[in-house]
Each structure stands twice: as C-alpha cells, then as structure tokens.
Amino acid sequence: EILRFSVAVEPPPLKGGDQALQQKIHHYSIGGLETACDEPTKKQQRACAMTLTLFSFNGDKNAYKALVAAKYNGVEIELAKNFELGVSNKKPEFLKMSPTGKVPVLKTSEGAIFESNAIARYVARITDKGLYGATALDLGVIEQWIDFCTNEIDAPLLSWVLPLQGVWPYNKAKEDAAKEALKKSLSVLNEHLKKNTFLVADRITLADIVCVCNLFEGMKSVFDDSFRKPYPCVERYFVTCVNQPEFKQVIGSFELCKTPIKFTPKKKEKKEQPKKKEKGGKKQEAAAPKPKPAAKPKNPLDELPPSKMVMDAWKRLYSCAPANDFKNVACGRFWNGGAVPKSTSGEQFSGFDPEGYSIWFADYKYNDENTVNFMVMNKVGGFLQRMEPHRKHCFGVMCILQKEKIFPIVGVWVFRGQEIPPNVLAECGDVELYNWTKVDHKDEKARARIEDMFCQVDVVDGLDHIDCKVFK
C-alpha cells in the first residue's frame, strides 16, 4: 500500500460566502484512489515522524538544500555524527547507500537517497507546505528552474571555484569559459527577477532553495562587487532569501564576497645555500655524509619479456600519419606494420604484438551524470593528467559522444602486458570509474570500433562524436 502526497492548497474564497468550505484539503492517494480529508491521516503523521539522517560534511551547500527545505516543511533531519569526507564515504556501509561515494546521502527508514536535488525533492514532498507551488503549472515551472540552476549555474560555477580551492587542476582557459557561461546564465536569471520577487509565484518554493544553494559558493568566494554589478536583481534576490529565518537557521549569517579568491601557484622550495667558511681560515667541520637516495622501485612492466613492438615508434607513426590518408596509414600499419611517415632514419613499426601488448575498451560507468559538455571534457582531461606517470607503456584515445542531453565517454587503450598495468590500477583512481573490456584483436567488429576511435570519425557507437583526447 503506497502513500503518495500531492499539492495541498488554500482554495480561493467561494462566491456565495460559504465559509464552511474554506478549509485546507489534504490530497493523497492509496493504491491510486484519490481521496480528500480535513486532517492528515495517521499514516501521514507517521511519515512526518520518521527518522531521517543526512550524511555530509560541514558547510556542504548541497546538503543545505534538504536542510532548508526541512525547515520550511517542519521536518526533522539529524546530521550523521563524526562524518569525515574522504574516510566515512569510502566505507562499505556508506557505499551501499551511495555507490559512487558522493555526498550528501539521506538515510530513511525505508531506504537511502543520494543526489542532492533528489533528496531536496523528497523532503519537500513529505508534508505539503507549498514548496511545490499550488498548481500543476507551478510544479512544472519549479522543476524548470531547478534544472536551469543546476545545469547553467552550478556546473560552470564549480568549474570556476573548485580549481581555485585546489580540488581540481587549474586551467586559465577553462576558468574564463566558465565565467562567460555564468554571465549568460545570470543575465537570464536577472531578467526574470526584474518582475518577480521569487522564481515561481509570490513565495519561496523548492526552486528558490536549490537556486540560492547553487549560488552560495559564488556569492561567498568569487562574486565580488564588480562581478555582481550587472545583476542587481540576482543580488537582491539572494540577500532576501538567505535572510529568511529558515535559511538563517541552516546557513547562519552571510556576507557577500568582497575580495574574490584567486589562483596562487605553489612556490618552489628554496634550496639551502652551503654555509661559508668561518673567518680566520678555519674550515667548517666535515659535513655528515648524505644518505644515498632510495632506489626507485622497478616497474614490473620493465621485467616483461622483450616485445618486437616499440610503443614510441607507434606513437610517432600515429602523430605523423597524413590526414588525407590517415586510416590506411595509421590503422593499416598498426595491425600490419610499416614505415613511420616523415622518419629521416627510415624507421619501421613492426605492427601490433598481441603477446607483448593488450588492447582494452574503456566505457564510463556513470554516463547519466554527464550532462554538461565542458565538465565532461574536464573529467577526461583530469583522467589523462593522472595517467601521465605511465605514458611510457600506454597509448589511449578517449572520445566524448552525445546522446540527446547526455555525453557518454568511451575509449580504447593499448597497454604493455596482458592486463591493465598494476601501477595504473594502484595510482590512478579514475580507472575504477570505467568498465574495462579486453579486446580480441582478431574480432572484426572490435577492430572496426578501435579504428573509429583511432580515426576520430564523426559517429562512434552510433552516436555523434563531439570531442576527443589522445594520450600518446
């Protein structure tokens, strides 16, 4: 038996002055049968009294969404005690609730919910205090603004702020792109707020809660006076919301950014200068002998039997293959061997050695999360950056595809040896985010897919191929 809440509204005054009907009607359905009653049922009361525990770290703006919604809805949420990001969210019991280890996570008596917007929606629906508006249209527009603020504000803002906080690698070009994307989105929001106090209707809804929480890091860290100046309505709106009692109980007092954080390169440590000899010709006491540096651990791939295939020769062949005949030269010679183009020494590539090397397909596990193009590019770029120490024994092509509003990631890799190198598994955490499939190099379909990725064709796996990164 399923209990589902829908919107409860105050009906407008009836024409005949029949005040007896001016009461709040609580709508719910059991097994699909619509019913109306004057007071909440015992089941509804029990739903409101259930124990809810939120797992997240202190200051998580994504956790604020559910906590603020709970204040408006009169719902009690407990914060998990002794939660430590990077430790608690890697434990098996946490991964059962959130397989990716992401926070926040809401634990209920009936199961767990991950993804901050989903948690906020759940809390907003536990009781009906108007967070989902008064009509079906309100509901649709609220969801519209939640999507807008998530995709058009939160995504580029994180791409700007997280590298400054040292969470992601810094890239000036990507920061500039994120700023331009934000300016367009804030202009849209500002135009809407010129004629509206809040995003939907004349009161705070879940759309406002999500929007304000998504603006939080920007208003706190990078949106200084000059950046906010073109968007006065957005500033007025944000300040109005964060000063509501329900917001203040969660966020506390808030000060708008005055001095934005900026990227500061790490300073190189200065080497100590050798001490000068003392005056009077006395020599310094003999310095203690320096300990010998520890020997670098051997790479197990260097211990493998020699292979006739030279990885560097393949990389030169791939880089120098002519664009007007790339498939015949690069792909044909990858399988069968041949001359390396533009080589002044007549270098020959022996062709793929299935005994000394293996080929693997990489398919990203969580493509449903890939909804913002440049964020997906950042994700692939970060993966390749962390593969850098293993460049000697690896070659890879990573492709970003498009399926409606989703950007799947696929790739093909050539590794030394018959397994994914142990150093790669140990040192590059991104590997766990992909499903890896060892390729039978004799399989014609597999070879065709490999060549499509090598050649960066317009369509891969039946989807538009919109971007590509090569690791060589």
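Each remark here, short or long, concerns the structure printed above.
Residues numbered from 1 in each chain as written. Predicted model: local features only at pLDDT ≥ 70, side-chain atom pairs only at ≥ 80, totals over all residues. Heavy atoms only, no water.

Caption draft 1: Just the pattern of salt bridges, in detail. Counting across every chain of the model gives 18 salt bridges. Put simply, Lys172 and Asp176 hold a salt bridge, and the shortest N to O gap is 2.9 Å. Here the residue Lys172 and the residue Asp176 both occupy positions in helix α6 (residues 172-193), the gap between them amounting to 4 residues, near one helical turn. Looking at Lys172, the relative accessible area reads 46%, which means it is partly exposed. (Salt bridge = Lys/Arg side-chain N within 4 Å of Asp/Glu carboxyl O. Helix = DSSP H or I, 4+ residues; strand = E, 2+ residues; numbered from the N terminus. Buried < 20%, exposed > 50% of the residue type's maximum accessible area, 1.4 Å probe, protein only.)

Caption draft 2: Structural view of the sheet that holds strand β4 (residues 53-55). Read across the open sheet, the 4 strands follow the order β5-β4-β6-β7; overall the sheet is mixed. Edge positions in the open sheet fall to β5 (78-79) and β7 (111-114), since each of these has one partner strand only. Relative to β7, helix α4 (residues 116-126) is tilted by about 125°, and along the sheet it contacts β4, β6 (105-108) and β7. (Pairing = 2+ DSSP bridges. Contact = heavy atoms within 4.5 Å. Axes fitted to C-alpha atoms, helices over the stretch in contact; angles between N-to-C directions.)

Caption draft 3: Geometry of helix α15 (residues 444-455). Helix length check: α15, at 12 residues, gives a terminal C-alpha distance of 16 Å against a target of 16 Å (1.5 Å per residue), a fit within 8%. When we look at burial in α15, the residues that qualify are Ala446, Arg447, Arg449, Ile450, Glu451, Met453 and Phe454. The inward-facing, buried residues of α15 abut α11 (311-320), α12 (326-336), β10 (357-364), β11 (394-402), β12 (409-416) and β14 (459-460). By the N-cap criterion, in which a side-chain oxygen at the helix start approaches the backbone nitrogen of a residue two or three places on, α15 is capped by Asp443, the distance to Lys445 being 3.1 Å. Gln456, located one to two residues past α15, shows a positive phi value of around 55°. (Expected span 1.5 Å × (residues − 1). Polar contact = N/O pair within 3.5 Å; in protein donor to acceptor, adjacent residues only side chain to side chain.)

Caption draft 4: Spotlight on helix α5 (residues 136-164). A rise of 1.5 Å per residue sets the reference length of α5, with its 29 residues, at 42 Å; its end C-alpha atoms lie 41 Å apart and thus fit the reference within 8%. Trailing α5 by a residue or two, Gly166 shows a phi angle of about 85°, which is positive.

Caption draft 5: View of the packing of aromatic side chains. Summed over the entire model, instances satisfying the criterion amount to 34 aromatic pairs. A ring pair is formed by Phe55 and Phe83, whose centres lie 6.5 Å apart and whose planes are at 70°; its orientation type is edge-to-face. Remark: Phe83 occurs in the loop between β5 and α3 (92-97) and Phe55 occurs in strand β4; sequence separation between them is 28 residues. Accessibility expressed as a relative area gives 15% for Phe83, which makes it buried. Note on Phe334 and Trp335: the rings are 4.9 Å apart at their centroids and 75° apart in plane angle, and the pair reads as edge-to-face. (Phe/Tyr/Trp six-rings, centres within 6.5 Å; stacked < 30°, edge-to-face > 60°.)

Caption draft 6: Quick look at the pairing of β11. Taking burial as the measure, the 9 residues of β11 include 8 buried ones, the bulk of the element. Direction of pairing for β11 relative to β12: antiparallel, over a ladder of 7 bridges. The residue bridging Met398 from the neighbouring strand is Gly411, located in β12. Linking β11 back to β12 in an antiparallel pair, the connection comprises 6 residues, with Glu404 at a positive phi of about 60°. Sheet analysis places β11 next to strand β15 (residues 463-471), joined by 7 bridges and oriented antiparallel.

Caption draft 7: Seen up close, the side chain of Ser98. Here Ser98 lies in the loop between α3 and β6. If sequence neighbours within four positions are ignored, Ser98 has contacts with Val105 and Phe114.

Caption draft 8: The arrangement of the state of the cysteines in detail. Summed over all chains, the structure comprises 0 disulfides. A disulfide-free cysteine, Cys149 has its sulfur positioned 3.2 Å from the sulfur of Cys211, the nearest such atom. Among the cysteines around Cys213, which has no disulfide bond, Cys211 carries the closest sulfur, lying 9.3 Å off. (Disulfide = S-S within 2.5 Å.)

Caption draft 9: Structural detail: the environment of Asp202. Tracing the chain through its elements places Asp202 in the loop between α6 and α7 (206-222). Residues Asp202 and Gly133 lie 69 residues apart in sequence; the distance between their C-alpha atoms is 9.7 Å.

Caption draft 10: Focus on the nonpolar core. Counting residues in each nonpolar core, the largest one holds 64 residues, and the members touching the most others are Leu206, Ile209, Leu215 and Phe223. Broken down by secondary-structure element, the contributors of at least two residues to this core are α2 (61-73), α4, α5, α6, α7, α9 (232-242) and α10 (245-251). The element that contributes the greatest number of residues to this core is α7, accounting for 11 residues. Setting aside residues up to four positions removed in sequence, Ile209 forms contacts with Lys65, Val68, Ala69, Tyr72, Leu131, Ile204 and Phe247. Of all hydrophobic cores here, the second largest spans 34 residues; its members include Ala313, Trp314, Val329 and Leu401. (Core = buried A, V, L, I, M, F, W, Y, C linked by side-chain atoms within 4.5 Å.)

Caption draft 11: Main features of the sheet that holds β11. In spatial order, the strands read β13-β10-β12-β11-β15-β14; together these 6 strands make up an open sheet with antiparallel pairing. Only two strands of the sheet have a single partner each, and these edge strands are β13 (434-438) and β14. Relative to β13, β10 is paired through 5 bridges, and the arrangement is antiparallel. Bridging across to β13, Trp360 finds its partner in Lys438.

Caption draft 12: Representation of the pairing of β6 in the model. Both β4 and β6 contribute to a ladder of 3 bridges, which runs antiparallel. Each bridged residue has a counterpart across the sheet, and for Leu54 the counterpart in β6 is Leu106. Bridge count between β6 and β7: 4 bridges; the pairing is antiparallel. When the bridges of β7 are listed, Leu106 appears paired with Ile113. If you look at the hairpin formed by β6 and β7, you'll find 2 residues sitting between the two strands.

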